[in-house]
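Here is how the chains run, residue by residue.
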Amino acid sequence: MPSWVDPVVGQASEAVGGPWGRHGVVGRALFWTPLRICLLFATLVLALAWIKQSPCADGDWSGSKQYTHLCYSDAVPLFGSYGLDDGALPYLDATVEYPVLTGGLMALAAALARAYDGAAAAVGLLPDVPRVFSYYAVTCLLLAGAGLLLVRAVLGLAGRRPWDAAMVGLSPLLLFHAFTNWDLLAVTLTTFGMLAWARRWPVAAGVLLGLGIAAKFYPLLLLGVLFVLCLRAGRLAAWARTAAAAAVAWAAVNLPVALAAPEGWSWFFRFSGQRGANPESIWNMLITGAGGELFDGPLAEGQSPVVLNAVVAVCLLLLAAGVAWLALTAPVRPRVAQLAFLLVAGFLLLNKVWSPQFSLWLLPLAVLARPRWRSLLLWQATEVLVWVVTMLHYLGTANRGIDVEWFFLGVGLRDLAVVVLMALVVRDVLRPDGDVVRTSWPGVDDPAGGVLDRADDAVTLSRPGPRGAG
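Is there a simple way to explain the overall build of the protein in this structure?
A count of helices and strands for the protein gives 21 helices and zero strands. Across the 470 residues in the protein, those meeting the buried criterion constitute 50%. Of all intrachain contacts in the protein linking residues separated by at least 6 positions in sequence, the fraction that spans at least 24 positions is 72%. Accessible surface, the protein: about 20400 Å² in total, of which carbon and sulfur atoms supply 67%. Computing the positive centroid from 32 side-chain charges and the negative centroid from 30, the protein places the two 14 Å apart.

In this structure, what is going on with the packing of helix H7 (residues 131-157) against helix H18 (residues 362-369)? I would like to understand it.
Angle between the axes and distance between the axes are the two parameters that describe a pair of packed helices. Two elements in contact, H7 and H18, have axes separated by 10 Å at closest approach and are oriented at 25°. Classified by the interaxial angle, the pair formed by H7 and H18 is roughly parallel. Crossing hand, H7 versus H18: right-handed. Across from Leu150, Val154 and Leu157 in H7, the residues of H18 making contact are Pro364, Val367 and Leu368. Partitioning the contact of H7 with H18 into residue classes produces six nonpolar, no polar and no charged.

Would you take a moment to explain H18 for this structure?
What sets the pattern is the α-helix's 3.6 residues per turn: residues three or four places apart point alike. Extensive coverage of H18 is indicated by the burial of eight of its eight residues. Leu362, Leu363, Pro364, Leu365, Ala366, Val367, Leu368 and Ala369 are the residues of H18 that are buried.

Looking at this model, I keep getting lost on the confidence of the model for the protein. Mind explaining?
The predicted coordinates of low-pLDDT regions are not to be read in fine detail. For the protein, per-residue confidence averages 92 on the pLDDT scale, and 95% of positions sit at 70 or higher. By mean pLDDT, helix H1 (residues 2-5) is the weakest element of the protein at 71, and helix H10 (residues 183-198) is the strongest at 98.

Looking at this structure, I do not really get the packing of aromatic side chains. What am I missing?
The way to describe two aromatic rings as a pair is by their centre distance and the angle between their planes. The tally for this structure, following the rule as stated, stands at 18 aromatic pairs. Their ring planes at 55° and their centres at 5.1 Å tell us that Trp265 and Phe269 sit as a pair that is tilted. Placement of both Trp265 and Phe269 in helix H14 (residues 262-274) is noted, with a separation of four residues, approximately one turn of the helix. Summarising the aromatic geometry, the rings of Phe358 and Trp361 are spaced 4.4 Å apart at their centres and angled 20° between planes, so their arrangement reads as stacked. Both residues of the pair, Phe358 and Trp361, belong to the buried class. Clustering of aromatic rings is evident, with ring pairs tying together Phe217, Trp250, Trp265, Phe268 and Phe269. Over the face of the ring belonging to Phe31 we find Arg36, whose NZ or CZ atom lies 4.6 Å from the ring centre.

Quick question: what am I supposed to make of the side chain of Lys352 here?
By secondary structure assignment, the location of Lys352 is in the loop between helix H17 (336-350) and H18. Lacking a salt bridge, the buried Lys352 has Asp296 as its closest oppositely charged neighbour, with an N-O distance of 8.3 Å. A polar contact of 3.4 Å, which involves the side chain of Lys352, links it to the backbone oxygen of Gly273. One polar contact links Lys352 to Asn309, side chain to side chain, over a distance of 2.7 Å.

Could you clarify how one ought to interpret unusual backbone geometry in this entry?
Across the chain, the bulk of peptide bonds are trans and the bulk of non-glycine residues have phi less than zero. At Arg400, a position not held by glycine, the phi torsion is positive, near 65°. Among the residues examined, Arg400 registers a relative accessible area of 79% and is labelled exposed. Not every positive phi belongs to a glycine, and Arg454 is a case in point at roughly 65°. Relative to the helices and strands, Arg454 is located in the segment after helix H21 (436-440). Classification of Arg454 by relative accessible area gives exposed; the value is 51%.

Can you walk me through the state of the cysteines in this structure?
By definition, a disulfide links the sulfur atoms of two cysteine residues through a covalent bond. Scanning the model with the defined rule gives one disulfide in all. Here Cys56 is linked by a disulfide to Cys71, with a sulfur-sulfur distance of 1.8 Å. Across the S-S bond linking Cys56 and Cys71, the dihedral sits near 55°, which makes this disulfide right-handed. Of the two residues, Cys56 is situated in the loop between helix H3 (34-53) and helix H4 (65-68) and Cys71 in the loop between H4 and helix H5 (75-81); the sequence distance between them amounts to 15 residues. Among the residues examined, Cys56 registers a relative accessible area of 1% and is labelled buried.

Honestly, the packing of helix H12 (residues 220-233) against helix H13 (residues 236-260) in this entry has me stumped. Any pointers?
Packing of H12 against H13 brings their axes to within 8 Å, and their N-to-C directions diverge by 165°. It follows from the interaxial angle that H12 and H13 lie roughly antiparallel. Note that H12 runs across H13; the crossing there is left-handed. Taking contact as the criterion, the partners of Leu223, Leu226, Phe227, Cys230 and Leu231 in H12 are, on H13, Leu236, Trp239, Thr242, Ala243 and Ala246. Residues that form the contact of H12 with H13 fall into these classes: nine nonpolar, one polar and no charged.

Looking at this structure, I do not really get the nonpolar core. What am I missing?
Buried together is how nonpolar side chains tend to be arranged in soluble globular proteins. Counting 122 residues, the largest nonpolar core has Tyr135, Phe179, Trp197, Phe341, Val344 and Trp379 as its most contacted members. The element that contributes the greatest number of residues to this core is H7, accounting for 13 residues. Those residues within four positions of Phe341 in sequence are excluded, and the remaining contacts are Leu362, Leu365, Ala366, Ala369, Leu421, Met422 and Val425.

Please explain the pattern of salt bridges as it appears in this structure.
When charged atoms on two side chains of opposite charge get close, those side chains can pair. Taken as a whole and judged by the stated rule, the model has 11 salt bridges. One salt bridge connects Lys216 with Asp183, and the closest N-O pair in it is separated by 3.7 Å. Of this pair, Lys216 sits in the loop between helix H11 (202-215) and H12 while Asp183 sits in helix H10, and the two are 33 residues apart along the sequence. Given the relative accessible area of 8%, Lys216 is considered buried. Here Asp435 and Arg335 are joined by a salt bridge, their closest N and O atoms 2.8 Å apart. One end of the pair, Asp435, is in the loop between helix H20 (404-430) and H21; the other, Arg335, is in the loop between helix H16 (306-329) and H17, with 100 residues separating them in the sequence.

Rules and cut-offs
Residues numbered from 1 in each chain as written. Predicted model: local features only at pLDDT ≥ 70, side-chain atom pairs only at ≥ 80, totals over all residues. Heavy atoms only, no water. Helix = DSSP H or I, 4+ residues; strand = E, 2+ residues; numbered from the N terminus. Buried < 20%, exposed > 50% of the residue type's maximum accessible area, 1.4 Å probe, protein only. Contact = heavy atoms within 4.5 Å. Areas by Shrake-Rupley, 256 points an atom, 1.4 Å probe, with all protein chains shown as cover. Lys, Arg positive; Asp, Glu negative; His and termini not counted. Charge placed at Lys NZ, Arg CZ, Asp CG, Glu CD. Axes fitted to C-alpha atoms, helices over the stretch in contact; angles between N-to-C directions. Parallel < 35°, antiparallel > 145°, perpendicular 65-115°, else oblique. Left-handed = near helix turned anticlockwise from the far one by under 90°. Nonpolar A, V, L, I, M, F, W, Y, C, P; charged D, E, K, R; others polar. pLDDT = per-residue confidence, 0-100. Phe/Tyr/Trp six-rings, centres within 6.5 Å; stacked < 30°, edge-to-face > 60°. Lys NZ or Arg CZ within 6 Å of the ring centre and 35° of its normal. Salt bridge = Lys/Arg side-chain N within 4 Å of Asp/Glu carboxyl O. Polar contact = N/O pair within 3.5 Å; in protein donor to acceptor, adjacent residues only side chain to side chain. Disulfide = S-S within 2.5 Å. Core = buried A, V, L, I, M, F, W, Y, C linked by side-chain atoms within 4.5 Å.

Put into structure tokens, the structure is as follows:
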């Protein structure tokens, strides 16, 4: 009962009469089940997200409207840049810097938008809007569908804590970044992959994770998390089936494009290597503080930051080693979501690119790893701050924007909030009696664990602890 056990929910419930009564009837609602209520929350938040984005939807960004209204979205300018307005196909006709499945979503939205534009021209009853508007509206509808499915997947992974899905449905991150880019596609596929793993369907989990990797590369980290946990539990056969299915699914999506347009398909990988430090990354703050001379120094156009790439690679390897060590030495095997959150959060902190919408990757993992409203809302408040200072920084001081120092302050606060959240998760791993998921119900181990749930340890680097906290 969230209003009994979470102080934030208890205080918020005062607006509707206070916490749930001692004699209240639970579990007998005919329609308003926890799932439908959480989906209603997400619908309202996604509707507000569209209202926030609507000033930028027609492509008229005069007066730097995309920054002053906080409504910037990559989909609007790339509609023309990729030739989608003229019917160009990603990779075949245009160079696209995204993985194949994300490019497929762009092409699908463009095709549906052209169908609407044709129907609007033929039938006078339909609103006649600019082509970029219809394309962006269709894109947002597709992403909104992904957002609703994300809530469903999180509720399935929450076990006997279904109301944790409300933390996704009411998320400020969903409000601000649902339609900034196409990341919700990969996040939803990855979360459903976790749900399939929780249901003990390793092949289906692999297929969904493989499709997620075909949309954004970060779901590959989840396979690493499952590997080290399966190693500890002696369940590597299940992991092997998942990894093989993921490889087949990824290849099935990528190989046709790679064979038909090798240059267009490979551009994502080449572009990733050539990119410098993203403005919101810790590396950009270090480079800027050193006057631009740190690591590779000033680079010519198209030149790869070799030194920076090497430093980042070493840091990420050390991160992976640290997470694996934690997984093998913890007194109780960490839950899947705990380890996944730590690895993905560390990856974002140490990677050379952390676009603001990438934080959506963390949303379901954070909710499942540590479902406490206060810490999650405080972290997301810093994410909103990063978006605000990013837009004001891009606006420029000549247009009443802010200097880079204020921008870095906002980014630094966000990074600190993520580090604190990681530390809290590590504390729960090392002290499982403080893990709210394991202590909510007697005998609960890992609702998202699948074959790992309640499994005995086979490989550890320390003495195994008890298999439950309840």
